[in-house]
Amino acid sequence: AKLEAESPETEAKDKHQKAWDELKAERQAKKEVEAASLAFKDLDTNGDNSIDMQEIIARPEFDIDSNGVVSEEEAKEHLEDKESVDYDTFTKDIWPHVKDIYKKPTTEEPPPEVDPSTEARGEEDQTEQQTVPTVPITDRIEGEPELILDKPSEEKDEDSMPEYDEETKKLIEAADEARKNYDEANSKLKELDNELSSIKSYLEQDYGPNREYAILQDQCFEYTDREYTYKYCPFSKGSQRPKNGGHETSLGNWGNWAGPENDKYSVQLYEKGQNCWNGPDRSVKVHLKCGLEHRLLSSSEPSRCEYAFEFETPCRCSQPSGGTAQPHDEL
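Residues numbered from 1 in each chain as written. Predicted model: local features only at pLDDT ≥ 70, side-chain atom pairs only at ≥ 80, totals over all residues. Heavy atoms only, no water.

Looking at an unreviewed UniProt entry, the protein chain carries the name Protein kinase C substrate 80K-H, with the source organism given as Mytilus galloprovincialis.

**So, the pattern of salt bridges**
Under the counting rule described, the total for this entry stands at 17 salt bridges. One salt bridge in this structure joins R295 and E293, with 3.6 Å as the shortest N-O distance. The class of R295 is partly exposed, set by a relative accessible area of 39%. One connected set of salt bridges, linked through shared partners, spans K2, E6, E9, D176 and R179. (Salt bridge = Lys/Arg side-chain N within 4 Å of Asp/Glu carboxyl O. Buried < 20%, exposed > 50% of the residue type's maximum accessible area, 1.4 Å probe, protein only.)

**A word on helix α4 (residues 87-98)**
When the terminal C-alpha atoms of α4 are compared, their 14 Å separation across 12 residues is substantially less than the 16 Å that a helix rising 1.5 Å per residue should span. Restricting attention to buried positions, one finds in α4 the residues F90, I94, W95 and V98. Angularly, the buried residues of α4 cover 105° about the axis, an arc narrow enough to put them on a single face. Exposed residues lying more than 90 degrees from the buried face of α4 are D88 and K92. Looking at the packing, one finds that the buried side of α4 touches α1 (2-43), β1 (50-52), α3 (72-78) and β2 (84-86). (Helix = DSSP H or I, 4+ residues; strand = E, 2+ residues; numbered from the N terminus. Expected span 1.5 Å × (residues − 1). Arc of directions from axis to C-beta. Contact = heavy atoms within 4.5 Å.)

**Quick look at the packing of aromatic side chains**
Here a ring pair, both rings aromatic, is described through the centre-centre distance and the interplanar angle of the planes. Evaluation of the coordinates by the stated rule reveals 17 aromatic pairs. Geometrically, the ring pair formed by F40 and Y87 is edge-to-face, given 5.4 Å between the ring centres and 90° between the ring planes. Of the two residues, F40 sits in helix α1 while Y87 sits in helix α4, which places them 47 residues apart along the sequence. Given the relative accessible area of 6%, F40 is considered buried. Taking relative accessible area as the criterion, Y87 reaches 31% and is therefore assigned partly exposed. Between W95 and Y102, the ring centres sit 5.8 Å apart and the planes meet at 70°, which makes this aromatic pair edge-to-face. For the pair formed by W95 and Y102, the shared burial category is buried. Linked through ring pairs, Y202, Y207, Y213, F221, Y232, F235, W254, W257, Y265, Y270 and F311 together constitute an aromatic cluster. Residue placement shows K2 over the ring face of Y182; its charged tip is 5.0 Å from the ring centre. Taking the ring centre of Y202 as reference, the NZ or CZ of R211 above it sits at 4.8 Å. (Phe/Tyr/Trp six-rings, centres within 6.5 Å; stacked < 30°, edge-to-face > 60°. Lys NZ or Arg CZ within 6 Å of the ring centre and 35° of its normal.)

**Let's talk about the packing of α1 against α4**
Running from N to C, α1 and α4 point in directions that differ by 115°, and their axes come no closer than 10 Å. Here α1 and α4 pass one another in a crossing that is right-handed. Residues E32, V33, A35, A36, S37, A39, F40 and L43 of α1 lie in contact with α4, whose contacting residues are Y87, F90, T91 and W95. For the contact of α1 with α4, the residue count by class is 9 nonpolar, 2 polar and 1 charged. (Axes fitted to C-alpha atoms, helices over the stretch in contact; angles between N-to-C directions. Left-handed = near helix turned anticlockwise from the far one by under 90°. Nonpolar A, V, L, I, M, F, W, Y, C, P; charged D, E, K, R; others polar.)

**Some thoughts on α1**
Given a rise of 1.5 Å per residue, 42 residues ought to cover 62 Å, and the 60 Å separating the end C-alpha atoms of α1 matches this to within 8%. Buried residues belonging to α1 abut β1, α2 (53-57), β2, α4 and α6 (166-204).

**Section: the state of the cysteines**
Within the structure shown, the criterion is met by 3 disulfides. C276 shares a disulfide with C305; S-S distance 1.8 Å. With the S-S dihedral at roughly -130°, the linkage between C276 and C305 falls on the left-handed side. Here C276, found in the loop between β7 (267-271) and β8 (283-290), pairs with C305, found in the loop between β9 (295-303) and β10 (306-313); they are 29 residues apart in sequence, far enough to count as distant. Residue class for C305 comes out buried when judged on its relative accessible area of 4%. Put simply, C290 and C317 are joined by a disulfide, and their sulfur atoms are 1.8 Å apart. Because the torsion about its S-S bond is 90°, the bridge between C290 and C317 counts as right-handed. Residue C290 is located in strand β8, and its partner C317 is located in the loop between β10 and β11 (318-321); the two are separated by 27 residues in the primary sequence. For C317, a relative accessible area of 16% puts it in the buried group. Cysteine pairing for the protein chain, with bonded cysteines counted in sequence order: 1-2, 3-5, 4-6. Among the cysteines around C315, which has no disulfide bond, C317 carries the closest sulfur, lying 8.4 Å off. (Disulfide = S-S within 2.5 Å.)

**Describing the sheet that holds β8**
If you trace the 8 strands from one edge of the open sheet to the other, you get β3-β4-β5-β6-β7-β8-β10-β9, paired in mixed fashion. The open sheet has two free edges, formed respectively by β3 (221-224) and β9, since each of these has just one partner strand. Pairs of neighbouring strands in the sheet enclose a mean axial angle of 25°, with direction left out of account. As paired strands, strand β5 (residues 237-242) and strand β6 (residues 249-257) are joined by 4 bridges and run antiparallel to one another. Its bridge partner lying in β6, G238 is registered against G252. (Pairing = 2+ DSSP bridges.)

Following this line, the structure appears as C-alpha cells:
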C-alpha cells in the first residue's frame, strides 16, 4: 500500500518540479537577455547599434592587466578579435564572457550643493519649527478622518516554487497517510521482534540447573571501597568508576560459568573489558556465595587487570551435584 501510494505522488511531484525548473530557466534566460540589452545600450555610446574597440577602451573595467589603461589588444580580446560587434553577436558571444566584468552605470545623483548662507538660515528655521507645540490626538477635529498609511504590498518571491495543485496535494496526503500506517506497523513489528528475541535469549541463557539465577537478570549491584565504586550486572557486565566521579571503565562482559567441574555455578566470568595500558583486556570473576540477600560484598585485583568480585545471593543457597540441586548444609 505504501509503494502504491508513493508511486503516483512521486510522478506528480517530479512533473511539478520539472515544470518549475523549466520556468526558472526561462526567467533566467529572460533576465540575461534584458541585462545584455541594457549593457549593449550603455556601451554603444555613439548609438550606431554596434560596439567597437574605442567604446571598450573607454571603459576602465575592461583593463585586464590593471595598468590603468585599456589597450587595443585588451579591447580586441574582449570583442573576440573583432573590430566591432552588432547586437546579436554581443548578446550571444560577447556578453557571457564580460558580464562579470561589466559595471552598470550608477544612477545615484550627487547631493545638491548647499549655500552656506541658506544653510545657516535653515538651521534657524528648524529651531523655530521644533518649538511649535504638537497637537494632541484628543484635539483632532470631530469627524476628521484618521490618516492611515498604505502598507506596501508584499511581492511574491519569484525564487520560491509555487504550491502544488489540488490533485498533487491529494496524492501527497494519501502517500503521507500510507507512510504513517507503514511506520506504525513497522514499529509494532520491531517491538514484537525485540520481544521474541528477548524471550529466545532468556530461554537459551544458562541460569543454573533449576534456572534459579534468572531472578538476577536485568539487575545491577554496587560496592564502594576507598577509591572506586564497582558495578555488577549479572549476565551483562562488570565495571568500575572513581569514587569521586569520573569515566566508567568496563571490566568485562558476560562470558560463561567458570566454576570448577564439580561446582560449575559457583563462579561467573566477565571478559573482554577495556584494555589495560600495555596489558591484557580487563576481566572479572564473580564468586557466588549463599546469603540472605543479593549483595556485592567486595572487589579485588588478584592479578594485573584481572578482578574478582564476591557476591552473596539466596540463589546460591543450594549446591549442584551432578547437575541437580542439593540442600545447603547450613540450611
